[in-house]
Amino acid sequence: MDKEKRTFAVRGMHCAACVGKVERALRGVPGVGAASVNLATERATVEWDPARADAPALASAVAAAGYELAEASAPATPGDATQDREQIARAEEQGRLRRRVLVGIALSIPIVLGSMTEVFPWAPAWLRDPWTLLLLATPVQFWVGADFHRGFLHDVRYRSASMSTLVSLGTNAAYFFSLAVTLWPHVFMDLGAMPYYETAAVVITLVALGRWLEARARGRTSEAIRRLVSLAPRTTRALRNGVEVDVPTSEVVVGDLVRIRPGERVPVDGEVVEGASTIDESMLTGESLPVEKAPGASVFGGTVNRTGSFVFRATRVGGETTLARIVKLVEEAQGSRAPIQRLADQVAAVFVPVVLAIAAATLVGWWLLGPSPSILYALTNAVAVLVIACPCAMGLATPTAIMVATGRGAEVGVLVKSATALETLANVDTVVFDKTGTLTVGRPTVTDVIAAPGVAEEDLLAFAAAAEQGSEHPIGEAIVARAKERGLALPPVTEFVTVPGQGIDALAPEGRLLLGNRALIEARGVDVSALAPRAEALAQAGKTVVYLAVAFRPLGLVAVADTLKPEARAVVGALRQRGIEVTMLTGDDRRTAAAIAREADIDRVLAEILPQDKAREIARLREHGRRVAMVGDGINDAPALAQADVGIAMGSGTDVAIEAADVTLMRGDLRGVVAAVDLSRRTIRIVKENLGWAFGYNVVLIPVAAGLLYPFWGVLLSPILAGAAMAFSSVSVVTNSLRLKRWRPSSQ
Amino acid sequence: MATDPVCKMTVEPTKAAAQSAYKGQTYYFCAVGCKQKFDREPEKYLAGGSSRMSGPR
């Protein structure tokens, strides 16, 4: 029997707990094999037996859990312009939260003015009227706070607790108690009870504000896909019936002949049938050296043709192309991310049952032991416990720290895209670096100039640079750059002929000038066996070696290699010092990889990894219980960046990598990796302190609310005490978060 | 000046496209193709009689 596997959009999720609920709901449907739900992309991937279940059954199961399951928009394919439906939905969600926060603020201000008569004695009498306050507080309670009450109902159904539980419990207790006080003022006022409208309104508004701040950080994940998709040209020059016609790329079929001119992007995958060129495939492979293409060679959609012109036969189109597969990998990787439980929710999960127990004990205790009317005292004080147990600063603890930290990060060149990334980064125990362009500069530079006996190094370099002037090949550019650095005068060289894949054949005043690999030189009868051992040693070290001969006399060797960034070694050391294991991942051959790894002092190297397997390696590390941060720059790194717990892109890298990652390091400086880890650890410490401050004041007041002081001093919780706790904890939290402003990266 | 033993063109030794050492002598060619032909069957081109050897360098 065949399993059916599909991806749906899920709406209405806002926390890690939601993910578990939707997954449980889906797995609970008979016939469903596997279900995985992603919070960031708001997608669910479900596998089921079509004989026993169908899509409507899944949708109703999810609806019963309180969420919405919808058809996902079709997977994006290169050259296709229709997408981003989810992005629009996410923008709407943000707008919705923003409206609620604004309304909450607009209503909370007069409620506070009217309630805190001791602080604002000038507030007009009509504003102090409980009925006015009720009118103002009701929309805050039920419209602004609707999400929390919905979350509370979910939590009740699944016997779990989150921040929503606490918010909903506390504010409802405050609101309905205040309503009772408003309706029967004499019954309650005689006990000294006062309405708590301002507590309910301020808590809901501040927690909603925190939630909105976080939503703004989310919701840019599909951008990576959009960027990838736009890499393939929209139109393609196809040869049909011998005539060249421009057709939309989406209409190219297998077998079509496509013409590519210099500088154009290849639209789909295929095989060269006519002509030759070199193609920059760095976006797919990360390798900076362009690749020679002759008839029979494979070309890939999205890569950039350089100087030549050729015709190729399309072999893979639409969703089958290499580029489309990378898009799919990125989507799958984003869909497989395990959600993390936010710190605030973790605290709430423990706090809620304790508070409920205390409230129950208070109710029973006062009922049995309290003064008459004991039932009223019992109710009042149980409500007070619930009200005081919900610190409004709790909703601010994480968002304010994250906001200050991301702002400070941006100032020092570390752009953090999401709150969760900042929280996750602190616990990362493995950092995986891509090699080319991340650990290394990303383009070759001259590393060795080895002159034959009796030849001046300067002459060798001058001849080589003369042959390469005007070259667009990275090796040639490296040699010309080095000659320029040394201020060398180049001999006049003429009659350049590029021998594809081998080198350059030209004419210097001194005679025939040959610059290239061993095959080029030997094909012309020059004996270079004396230089061969040196060349072999350089190749062993992962360098690319070119031979130079003038007038059939071998003059020497020039070796070029992609070099390590100057800060790389120190960064690896600094990460290790922080207890983080460092691994290098590269598509390059073992030799080159080992040479760079040795230089950077990295002992774990995964070499010869195909681009599509990079993400799998990250997944494998994570299955072994590692928390992985991936640092990369290329399009081929995008799936791995999305797969990792935290993806870190080099700002000097491709847009796709930047969009797929959670953190971007400006200027491509590796020291940013250490800075990001440090900033994250510091932020987490601040968040924990904040939660301590937020809960601290209120925890101290719980015994007061429960009435433990009443037998001695007759003190019970009053709105003044509750208000003071709110004010002090909020100020403490915000002040504590602002300390992150002074954070600076350690100088390594 | 030397003569390409394959195509009989006159070539300037240093600016020739390729060279070959054979039995202690160095031969120069106008193109890599000529050298390849020569390297496969040197005697065929040298036995032609009219071929000119160039002196050792």
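Residues numbered from 1 in each chain as written. Chains lettered and ligands numbered in written order. Predicted model: local features only at pLDDT ≥ 70, side-chain atom pairs only at ≥ 80, totals over all residues. Heavy atoms only, no water.

S.K.: An account of the confidence of the model for chain B is needed here, citing residue identities and associated values.
M.R.: Close inspection of predicted coordinates is inappropriate for parts of the model with low pLDDT. All names here are of chain B. When pLDDT is averaged across chain B, the result is 79; 82% of the residues are at 70 or more. When the criterion is pLDDT under 50, residues 49-57 qualifies, and its contacts beyond four places in sequence or with other chains add up to 16 contacts. The ipTM assigned to the predicted complex is 0.78, against a pTM of 0.70. (pLDDT = per-residue confidence, 0-100. Contact = heavy atoms within 4.5 Å.)

S.K.: An account of the sheet that holds strand β20 (residues 553-564) of chain A is requested, with residue identities and associated values reported.
M.R.: All names here are of chain A. Read across the open sheet, the six strands follow the order β15-β20-β19-β18-β17-β16; overall the sheet is antiparallel. Looking at the sheet topology across the chains shown, the edges are occupied by β15 (440-451) and β16 (494-499). Averaged over all pairs of adjacent strands, the angle between their axes in this sheet comes to 20°, without regard to strand direction. With four bridges joining them, strand β18 (residues 511-516) and strand β19 (residues 544-550) adopt antiparallel strand pairing. Its bridge partner lying in β19, Leu514 is registered against Ala549. Most of the contacts of helix α21 (residues 532-540) go to β19, to which it runs at about 155°, and overall it touches β15, β19 and β20. (Pairing = 2+ DSSP bridges. Helix = DSSP H or I, 4+ residues; strand = E, 2+ residues; numbered from the N terminus. Axes fitted to C-alpha atoms, helices over the stretch in contact; angles between N-to-C directions.)

S.K.: An account of the pattern of salt bridges is needed here, citing residue identities and associated values.
M.R.: Residue and element names in this part refer to chain A. Overall, the coordinates contain 34 salt bridges over all chains when judged by the stated rule. Residues Arg512 and Asp505 are paired through a salt bridge, measuring 2.8 Å at the closest nitrogen-oxygen approach. What makes Arg512 buried here is its relative accessible area of 10%. A cluster of three or more residues bridged by salt bridges with shared partners is formed by Glu93, Arg96, Asp147 and Arg150. (Salt bridge = Lys/Arg side-chain N within 4 Å of Asp/Glu carboxyl O. Buried < 20%, exposed > 50% of the residue type's maximum accessible area, 1.4 Å probe, protein only.)

S.K.: Now, about the pairing of strand β3 (residues 18-22) of chain B: what can you tell me, with residues and values included?
M.R.: Residues and elements named next belong to chain B. When you tally the buried positions in β3, you get four out of five residues, the bulk of the element. Inspection of the sheet shows β3 paired to strand β4 (residues 25-29) by five bridges, in the antiparallel sense. Note on β4: the bridge partner recorded for Ala18 is Phe29.

S.K.: Could you give an account of the side chain of Asp562 of chain A, naming the residues involved and the relevant values?
M.R.: Residues and elements named next belong to chain A. For Asp562, the location among the structural elements is in strand β20. The charged side chain of Asp562 is buried without a salt bridge, its nearest counter-charge being Lys435 at 4.6 Å. The residues contacting Asp562, other than those within four sequence positions of it, are Thr436, Gly437, Thr440, Val441, Gly442, Arg443, Pro444 and Ile596. (Lys, Arg positive; Asp, Glu negative; His and termini not counted.)

S.K.: Could you give an account of the packing of aromatic side chains, naming the residues involved and the relevant values?
M.R.: All names here are of chain A. This structure, assessed with the given rule, holds 14 aromatic pairs over all chains. Judged by centre distance (6.3 Å) and plane angle (70°), the ring pair of Tyr175 and Tyr197 falls under edge-to-face. Here the residue Tyr175 occupies a position in helix α7 (residues 163-183), and Tyr197 occupies one in helix α9 (residues 197-217), the gap between them amounting to 22 residues. On the basis of relative accessibility, which here comes to 5%, the residue Tyr175 falls in the buried class. Aromatic ring contacts, followed pair by pair, group Phe142, Tyr175, Phe176 and Tyr197 into a single cluster. If you follow Arg100 out to its NZ or CZ, it ends over the ring of Trp143, 4.7 Å from the centre. (Phe/Tyr/Trp six-rings, centres within 6.5 Å; stacked < 30°, edge-to-face > 60°. Lys NZ or Arg CZ within 6 Å of the ring centre and 35° of its normal.)

S.K.: I'd like a rundown of the pairing of strand β14 (residues 430-434) of chain A, residues and numbers included.
M.R.: Residue and element names in this part refer to chain A. Counting buried positions along β14 yields five of five residues, so the element is predominantly enclosed. Burial along β14 is two-sided: the residues Thr430, Val432 and Asp434 and Val431 and Phe433 are all buried. Sheet analysis places β14 next to strand β21 (residues 581-585), joined by five bridges and oriented parallel. Note that in β21 the partner of Phe433 across the bridge is Met584. Pairing of β14 with strand β23 (residues 628-632) involves four bridges; the strand directions are parallel. In the sheet register, Thr430 faces β23, and the bridge partner there is Val628.

S.K.: Could you give me a rundown of a nonpolar patch on the surface, with the residues and numbers involved?
M.R.: Residues and elements named next belong to chain A. A cluster of nonpolar side chains, contributed by Val364, Trp367, Leu368, Leu369, Ile375 and Leu379, occupies part of the molecular surface with about 660 Å² of accessible area. Listed by contribution, the elements that provide at least two residues to the nonpolar patch are α13 (343-369) and α14 (374-388). At four residues, α13 tops the list of elements feeding residues into the nonpolar patch. Relative to the helices and strands, Leu379 resides in helix α14. (Patch = residues over 30% accessible without salt bridge, like charges linked within 9 Å, V, L, I, M, F, W, Y side chains within 5 Å. Areas by Shrake-Rupley, 256 points an atom, 1.4 Å probe, with all protein chains shown as cover.)

S.K.: Please give an account of the packing of α13 of chain A against α14 of chain A that cites residues and values.
M.R.: Residues and elements named next belong to chain A. Interhelical geometry of α13 versus α14 gives an angle of 165° and a closest axis separation of 7 Å. In terms of orientation, α13 lies roughly antiparallel with respect to α14. For the pair α13 and α14, the sense of crossing is right-handed. For the pair α13 and α14, the contacting residues are Val355, Leu356, Ile358, Ala359, Thr362, Leu363, Trp366 and Trp367 in the first and Ser374, Ile375, Tyr377, Ala378, Leu379, Asn381, Ala382, Val385 and Leu386 in the second. (Parallel < 35°, antiparallel > 145°, perpendicular 65-115°, else oblique. Left-handed = near helix turned anticlockwise from the far one by under 90°.)

S.K.: Tell me what's going on with unusual backbone geometry, and back it up with residues and numbers.
M.R.: In this structure, Glu495 of chain A takes a positive phi of about 55° despite not being glycine. Despite not being glycine, Lys23 of chain B shows a phi value in the positive range, around 50°. Looking at the secondary structure, you find Lys23 of chain B in the loop between β3 and β4. By relative accessible area, Lys23 of chain B is classed as exposed at 67%.

S.K.: So what about the nonpolar core? Which residues, and what values?
M.R.: All names here are of chain A. Of all hydrophobic cores here, the largest spans 123 residues; its most connected members are Val431, Phe433, Leu575 and Ile648. By residue number, the principal contributor to this core is helix α27 (residues 671-706), which donates 17 residues. Phe433 has contacts with Thr438, Leu439, Val571, Leu575, Val582, Thr583, Met584, Leu585, Val631, Leu670 and Val673, leaving out every residue within four places of it along the chain. Counting residues in hydrophobic clusters, the runner-up holds 30 residues, among them Val446, Leu460, Leu513 and Val546. (Core = buried A, V, L, I, M, F, W, Y, C linked by side-chain atoms within 4.5 Å.)

S.K.: Account for the environment of Phe433 of chain A, naming residues and giving values.
M.R.: Looking at the element boundaries, Phe433 of chain A is found in strand β14. The spacing of Phe433 of chain A and Ala57 of chain A is 376 residues in sequence and 44 Å in space, taken between C-alpha atoms.

S.K.: Pulling in residues and values, what's your account of the interface of chain B and chain A?
M.R.: How big an interface is tends to be stated in terms of accessible area lost as the parts join. Listed per partner, the contact involves 11 residues of chain B and 13 residues of chain A. The three residues of chain B that bury the most area against chain A are Thr14, Lys15 and Gln19 of chain B, which together make up 50% of that side's buried surface. Here chain B is connected to chain A by zero salt bridges. Here chain B is connected to chain A by five residue pairs in polar contact (both at pLDDT 80 or more). (Buried area = accessible area lost by both parts, 1.4 Å probe. Polar contact = N/O pair within 3.5 Å; in protein donor to acceptor, adjacent residues only side chain to side chain.)

S.K.: Describe the sheet that holds strand β13 (residues 414-416) of chain A, naming the residues involved and giving the relevant values.
M.R.: Sheet strands associate in pairs through backbone hydrogen bonding, adopting either a parallel or an antiparallel arrangement. All names here are of chain A. Read across the sheet, seven strands follow the order β13-β25-β24-β23-β14-β21-β22 without closing on themselves; strand pairing throughout is mixed. Among the strands making up the open sheet, the edge pair consists of β13 and β22 (604-606). Put simply, the sheet's adjacent strands are angled 20° from each other on average, direction ignored. Direction of pairing for strand β24 (residues 646-650) relative to strand β25 (residues 663-665): parallel, over a ladder of three bridges. Looking at the pairing, Ile648 lines up with Val663 of β25.

S.K.: Please set out the side chain of Asp434 of chain A residue by residue, giving values where relevant.
M.R.: Residue and element names in this part refer to chain A. Secondary-structure assignment places Asp434 in strand β14. At 2.9 Å, the side chain of Asp434 and the side chain of Lys614 are in polar contact. Setting aside residues no more than four positions away along its own chain, Asp434 makes contact with Leu439, Leu585, Lys614, Met630, Val631, Gly632, Asp633 and Asp637.

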